[in-house]
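# Geometric and topological summary
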Amino acid sequence: MLALGVDPGHAICGFGFVNSKLQPLDFGVITTNPKARLQDRLLKIFSELDSLIKKYQPDVLGVEKLFFGRNTTTALAVAHARGIILLAAAINNLNTFEISPNEVKCAVTGYGHANKAQVTFMVTNILKLKQPPRPDDAADALAVAISTLNSRGSYL
């Protein structure tokens, strides 16, 4: 089984592909121009994510649930990106799992309130990477993919 994990964002959207043997196939980020119109930024995220889905043909897509902190402006922008991510999944007929940030942290570190450094450390070790994935959004997306496989009981 191949899982695509996505860390949604309209400025930086992380993605990571992990198979059931906990091997990363690809990971990185989709970045958008902060000066571009919102619809153009969302189109770029959709286009690049759709291309990645078509290239790797994942079995399932995991996306982080929206976390409402104090900054509602950021939450709204992330909500727009999540909508585009879910649209790409629907168009490509992918099963989708929405996972809370605490569930993702718990799946990779055993602690639902782990910090970013702890998540990155564990992702690096679980996937046997030589270097930590950068930026943090890519590490978070890989953590979402691992969590998706974990919730599906899909890795060995």
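In what follows, the accompanying structure is described.

Once that is clear, we can look at the pairing of strand β4 (residues 60–64). Of all five residues in β4, five are buried, a share of seventy percent or more. Across four bridges, strand β1 (residues 2–7) lies against β4 in parallel orientation. Counterpart to Gly 5 in the pairing with β4 is Gly 62. As paired elements, β4 and strand β5 (residues 95–99) share five bridges and run parallel to each other. What sits directly across from Leu 61, in β5, is Thr 96.

The subject of this paragraph is the pairing of strand β3 (residues 24–31). Sheet topology note: the strand β2 (residues 12–19)/β3 ladder contains seven bridges and is antiparallel. Along β3, the bridge assignment pairs Phe 17 with Asp 26. Between the antiparallel neighbours β2 and β3 lie four residues, among them Leu 22 with a positive phi of about 60°.

Turning our attention to the environment of Ser 20. Mapped onto the secondary structure, Ser 20 falls in the loop between β2 and β3. A relative accessible area of 15% means that Ser 20 is categorised as buried. Taking the C-alpha atoms as reference points, Ser 20 and Asn 150, 130 residues apart in sequence, are found 9.2 Å from one another.

Among the nonpolar cores identified, the biggest contains 22 residues, and Leu 4, Val 6, Leu 49 and Leu 61 are the most heavily contacted of them. Looking at this core element by element, the count peaks at seven residues for helix α1 (residues 38–56). Contact partners of Leu 49, with chain neighbours within four places excluded, come to Leu 4, Val 6, Ile 30, Ile 85 and Ala 88. Ile 99, Val 119, Leu 129 and Ala 143 belong to the second-largest nonpolar core, a separate cluster that totals 18 residues.

With mixed pairing, the five strands of this open sheet are ordered in space as β3-β2-β1-β4-β5. Edge positions in the open sheet fall to β3 and β5, since each of these has one partner strand only. Pairs of neighbouring strands in the sheet enclose a mean axial angle of 20°, with direction left out of account. Across the face of the sheet, α1 comes into contact with β1, β2, β3 and β4 while running at roughly 170° to β3. Contacts from helix α3 (residues 101–109) reach β4 and β5, with the element oriented near 95° to β5.

Basis of the calculations
Position labels on residues start from 1 in each chain and follow its written sequence. For a predicted model such as this one, the threshold for reporting local features is a pLDDT of at least 70, and the threshold for listing and counting side-chain atom pairs is 80 or more; totals across whole chains, interfaces and linings nevertheless cover every residue. Calculation of side-chain values draws on the structure's entire complement of heavy atoms; hydrogens and water are dropped beforehand. Relative accessibility thresholds used throughout: buried, under 20% of the residue-type maximum; exposed, over 50%; partly exposed, between the two (1.4 Å probe, protein chains only). A run of DSSP states H or I qualifies as a helix once it reaches four residues; a run of E qualifies as a strand once it reaches two. Both are numbered from the N-terminal end. Pairing between strands requires that DSSP locate at least two bridges from one strand to the other. The term nonpolar core refers to a set of buried residues drawn from Ala, Val, Leu, Ile, Met, Phe, Trp, Tyr and Cys, joined through side-chain atoms within 4.5 Å. Working rule for contacts: check all heavy atoms of both residues, and any pair within 4.5 Å makes them a contact. In this analysis an axis means a line fitted to C-alpha atoms, helices contributing only their contacting stretch, and an angle means the value between N-to-C directions, from 0 to 180 degrees.

Spatial relationships are all this shows, so hold off on functional conclusions.
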